[in-house]
Number of protein chains: 2
Amino acid sequence: MTEGAVVPEELGSADSYEDWLRERLPVRGLRGKAAAVLEVLLSQPRRASFGSAQELAQLAGVNVATVTRTAQALGFAGWPALQQELRARYLSSLSAGQVAAEHRGTGSPSSRSLRRDLDSLAVLNRRLDESVLLTIAEAMAAARHTVIVADGSYAAVGLALAHNARLAGYPVRAVTAGDAELANAMAAIGEGDVLIAISFWRLYQSTVLAANEARSRGVRVFALTDAASPALASAAEQVVIVPAEGEAFFPSLTAGIAVAQALVTQLAAVDPARTGASIEAAEAMWAKFGLLHRRPTAGDPS
Amino acid sequence: MTEGAVVPEELGSADSYEDWLRERLPVRGLRGKAAAVLEVLLSQPRRASFGSAQELAQLAGVNVATVTRTAQALGFAGWPALQQELRARYLSSLSAGQVAAEHRGTGSPSSRSLRRDLDSLAVLNRRLDESVLLTIAEAMAAARHTVIVADGSYAAVGLALAHNARLAGYPVRAVTAGDAELANAMAAIGEGDVLIAISFWRLYQSTVLAANEARSRGVRVFALTDAASPALASAAEQVVIVPAEGEAFFPSLTAGIAVAQALVTQLAAVDPARTGASIEAAEAMWAKFGLLHRRPTAGDPS
DNA sequence: CTAAAATTGCAATGTTCTTTGCAAGTTAGA
DNA sequence: TCTAACTTGCAAAGAACATTGCAATTTTAG
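About the thresholds
Residues numbered from 1 in each chain as written. Chains lettered and ligands numbered in written order. Predicted model: local features only at pLDDT ≥ 70, side-chain atom pairs only at ≥ 80, totals over all residues. Heavy atoms only, no water. Helix = DSSP H or I, 4+ residues; strand = E, 2+ residues; numbered from the N terminus. Expected span 1.5 Å × (residues − 1). Buried < 20%, exposed > 50% of the residue type's maximum accessible area, 1.4 Å probe, protein only. Pairing = 2+ DSSP bridges. Axes fitted to C-alpha atoms, helices over the stretch in contact; angles between N-to-C directions. Contact = heavy atoms within 4.5 Å. Near = heavy atom within 4 Å. Nonpolar A, V, L, I, M, F, W, Y, C, P; charged D, E, K, R; others polar. Parallel < 35°, antiparallel > 145°, perpendicular 65-115°, else oblique. Salt bridge = Lys/Arg side-chain N within 4 Å of Asp/Glu carboxyl O. Arc of directions from axis to C-beta. Polar contact = N/O pair within 3.5 Å; in protein donor to acceptor, adjacent residues only side chain to side chain.

By the naming in an unreviewed UniProt entry, chain A is RpiR family transcriptional regulator, taken from Nonomuraea fuscirosea.

Trainee: How should helix H9 (residues 155-167) of chain B be read in this particular structure?
Mentor: Spacing of three or four residues puts side chains on the same side of an α-helix, whose turn is 3.6 residues. Residue and element names in this part refer to chain B. Given a rise of 1.5 Å per residue, 13 residues ought to cover 18 Å, and the 18 Å separating the end C-alpha atoms of H9 matches this to within 8%. Where burial is concerned, most of H9 is hidden: ten out of the 13 residues are buried. For H9, every residue scored as buried is listed here: Ala155, Ala156, Val157, Gly158, Ala160, Leu161, Ala162, Asn164, Ala165 and Leu167. Among the residues trailing H9, glycine 169 stands out with phi positive, at a value near 100°.

Trainee: Would you mind going over the sheet that holds strand E3 (residues 194-199) of chain A with me for this structure?
Mentor: Strand pairing in a sheet relies on backbone hydrogen bonds, with the paired strands running either antiparallel or parallel. Residue and element names in this part refer to chain A. Ordered in space as E2-E1-E3-E4-E5, the five strands form an open sheet in which the pairing is parallel. Single-partner strands in this sheet number two, and they are strand E2 (172-175) and strand E5 (238-241). Here the strands of the sheet are splayed against their neighbours by 20° on average, with no regard to which way each runs. In this fold helix H9 (residues 155-167) packs onto strand E1 (146-150), E2, E3 and strand E4 (220-225), with an angle of close to 165° to the strand it touches most, E2.

Trainee: What am I meant to see in the protein's contact with DNA strand C here?
Mentor: Near DNA strand C, the surroundings consist of 18 residues, among which Thr68, Arg69 and Gly78 of chain A together with Lys33 and Thr66 of chain B are the closest. Restricting attention to atoms of DNA strand C within 4 Å of the protein, one finds that 63% of them are sugar or phosphate atoms. Counting only elements with at least two residues in the surface near DNA strand C, the list comes to helix H4 (53-60), helix H5 (64-73) and helix H6 (79-95) of chain A together with helix H2 (32-43) and helix H5 (64-73) of chain B. Classifying every residue of the surface near DNA strand C by side-chain character gives six nonpolar, eight polar and four charged.

Trainee: Would you take a moment to explain the sheet that holds strand E5 (residues 238-241) of chain B for this structure?
Mentor: All names here are of chain B. If you trace the five strands from one edge of the open sheet to the other, you get E2-E1-E3-E4-E5, paired in parallel fashion. What marks the edges here is a single partner per strand, and that holds for strand E2 (172-175) and E5. Taken over all neighbouring pairs, the strand axes of this sheet differ in orientation by 20° on average, direction set aside. Bridge analysis of strand E1 (residues 146-150) against E2 gives four bridges, and the strand direction is parallel. Following the sheet pairing, isoleucine 148 is matched in E2 by alanine 174. Relative to strand E3 (residues 194-199), helix H11 (residues 205-216) is tilted by about 160°, and along the sheet it contacts E1, E3 and strand E4 (220-225).

Trainee: Explanation requested: the side chain of threonine 265 of chain B in the structure shown.
Mentor: Looking at the element boundaries, threonine 265 of chain B is found in helix H13 (residues 254-270). Setting aside anything within four residues of it in sequence, one finds threonine 265 of chain B in contact with Pro109, Ser113, Glu247 and Ala248 of chain A.

Trainee: What am I meant to see in the packing of H2 of chain B against H5 of chain B here?
Mentor: Think of two packed helices as two axes; the pair is described by the angle between the axes and how far apart they sit. Residue and element names in this part refer to chain B. Contact pair H2 / H5: the axes reach a minimum separation of 9 Å and the direction vectors enclose 85°. With respect to H5, the element H2 is oriented roughly perpendicular. Along the contact surface, H2 presents Lys33, Ala34 and Val37, while H5 presents Thr66, Val67 and Thr70. The residue makeup of the contact of H2 with H5, split by class, is three nonpolar, two polar and one charged.

Trainee: I would appreciate a short explanation of the side chain of threonine 146 of chain B in the present structure.
Mentor: Take threonine 146 of chain B: it is sitting in strand E1. Leave out the neighbours within four places in its chain, and threonine 146 of chain B touches Met140, Pro171, Val172, Arg173, Val194 and Ile196 of chain B.

Trainee: I tried to follow the pattern of salt bridges on my own but got confused; where do I start?
Mentor: Side chains that carry opposite charge are capable of pairing whenever their charged atoms lie near each other. Applying the stated criterion across every chain, the model contains eleven salt bridges over all chains. In this structure, glutamate 245 of chain A engages arginine 116 of chain A in a salt bridge whose closest nitrogen and oxygen atoms are separated by 3.9 Å. Residue glutamate 245 of chain A is located in the loop between E5 and helix H13 (254-270), and its partner arginine 116 of chain A is located in helix H7 (residues 109-127); the two are separated by 129 residues in the primary sequence. Summarising the burial analysis for this pair, glutamate 245 of chain A and arginine 116 of chain A share the class buried. Arginine 47 of chain B is the partner of glutamate 55 of chain B in a salt bridge, and the nearest nitrogen-oxygen pair spans 3.5 Å. By relative accessible area, which is 13% here, arginine 47 of chain B ends up buried.

Trainee: Quick question: what am I supposed to make of helix H10 (residues 179-187) of chain A here?
Mentor: Residues and elements named next belong to chain A. Within the span of H10, buried status applies to Leu182, Ala185 and Met186. Along H10, the residues classed as buried sweep out an arc of 100° about the axis, all on the same side. Among the exposed residues of H10, those pointing more than 90 degrees away from its buried face are Ala180, Asn184 and Ala187. Where H10 is buried, its residues touch E1, E2, E3 and helix H11 (205-216).

Trainee: Whenever I open this one, the protein's contact with DNA strand D confuses me. Can you help?
Mentor: Neighbouring residues of DNA strand D: 20 residues in total, closest Lys33 of chain A together with Arg69, Gln72, Gly78 and Trp79 of chain B. Counted by atom, the contact set of DNA strand D within 4 Å of the protein is 69% sugar and phosphate. A distance of 3.1 Å is found between a phosphate oxygen of DNA strand D and a backbone nitrogen or oxygen belonging to alanine 53 of chain B. One nitrogen or oxygen atom from the main chain of tryptophan 79 of chain B is found 2.9 Å from a phosphate oxygen belonging to DNA strand D. Element by element, the count of residues in the surface near DNA strand D is highest for H5 of chain B, at four residues. A class-by-class count of the residues in the surface near DNA strand D yields seven nonpolar, nine polar and four charged.

Trainee: For this particular structure, what's the right way to read the environment of alanine 268 of chain B?
Mentor: Positionally, alanine 268 of chain B belongs in helix H13. Note: C-alpha distance between alanine 268 of chain B and leucine 167 of chain B (101 residues apart in sequence) is 9.3 Å.

Here is the structure:
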């Protein structure tokens, strides 16, 4: 029952867990055994986040009922409601400790979603092996063409990647319009090309098919996905794994976009002159076509 | 109940969660729905660590019993036993790299990009007024149609938003294909509709035009942008300001996607029954059209 | 094409966990 | 010292959850 030094890493980081919990205290504070329960919640966040009321009660030397009542005294419906909040705080303190983003007393779906994306990005930032992105960027830079296969909502990631890569001066195309377009694109692909398959959560049949077909034709294949699946891993030279867990039913695209962004940034660094020229040309065209909005009064250049 | 087996420092393997899980696989691997369950465990470690078997089953599109059986197939007594292990692994994977992350060289462009996105998201999380997202979500829920105008690379944000909102059961359409399509879309818009203009960095002329036109026709207009611009602010009922500064020349879409994600999450919470039914219907269609990849031996008919 | 084997969903069963009514015990104030 | 308000534990009621038997369906092997 030791485990007193619960989580050593928590030393420096401003502890949103603790602060938050203290803010919930009723004006009068908590007395008696309720205070003992609170003590346990504060000192053993890990157990508090996972354990049953029973377990916590035992730890505080208290009856189970007291745990429930303490939760209610803190303004929650019961122990499960309190625990859910504790969990969210605790996990945030683990992963995003240094950033310590705290939204006081919220809990709307949208803010939960944001917080989770923040966590995902923190994990990504920690885990991602940048050399993989470097490899992919160099492959794209050397390729005759790059084809990005992405379906469903992941199409957004593919489009963003393709768009910016083109802006950076490389022939990259996203195929997102379904099987017919995909088939046509595959017909034109061959040695010297690169294919990037993007798929989260559920793999689309045609994405896997395309990856395998490309591989067998000597195309360099890379994959961006949320969990290494044998199907893609065997077809791809490198697999980038990205957290995509969302708050609601939908997988989150945030971390995927961040990787796309990082990849393009890396790509732009491969040949700065080429990228610079390409951007300049694009800007000239935007001006020529009058695409951009001119601010009314501000006398601004460009 | 010592719980000493947790092993907080597993520094070497950043991804102990996934590796560990894969090692538990029976020789034959997992087939059919069991593979789908495994997929969810791998891709959604957080939910897997906390959720009930019921929740996981729903996520995998599977009966509850299958979750239990999968746990047993992996060599555990049942779901709780597996979950306990998953939790320990997941938590250590969260905290393990934290120390290492500090030292990690901030060298390559890609990692700088990631770090910057992380900062942006932290700022967003702190600054964003969630009531604005709530307002927009409710407007979308009540609208006859919602049209999202987004051009350039921001089209990705618009598409992601539209895609998921449709999945959630609402008639939302992204207009991203240029001025001609935009003009057509504007012709059909009117009172009772909602328009969301998405534009970062540089405003597209046509986006501003569309917003103003919509406004004058009694459409509720909202904007998602990176800096309050008078042109959009005057046309929009509410403006969501999102950090979009990128490492390279390109504006970052990461924070924008995160907002889109948060918005859809909020939207899905407006009428859970409607969203639930919509998702179920979509899943049925995916299955019917055979879009999803099937894991096991390739004995599948078309 | 047929039979055996395996897979999966449904629904009943049994378990664990949370909450609450009640009574005993404690504290504070008159 | 006595009483009223409050706290706490016990135990039963109630809810959520995991597991398993059974039947229907699909897959595999002959």
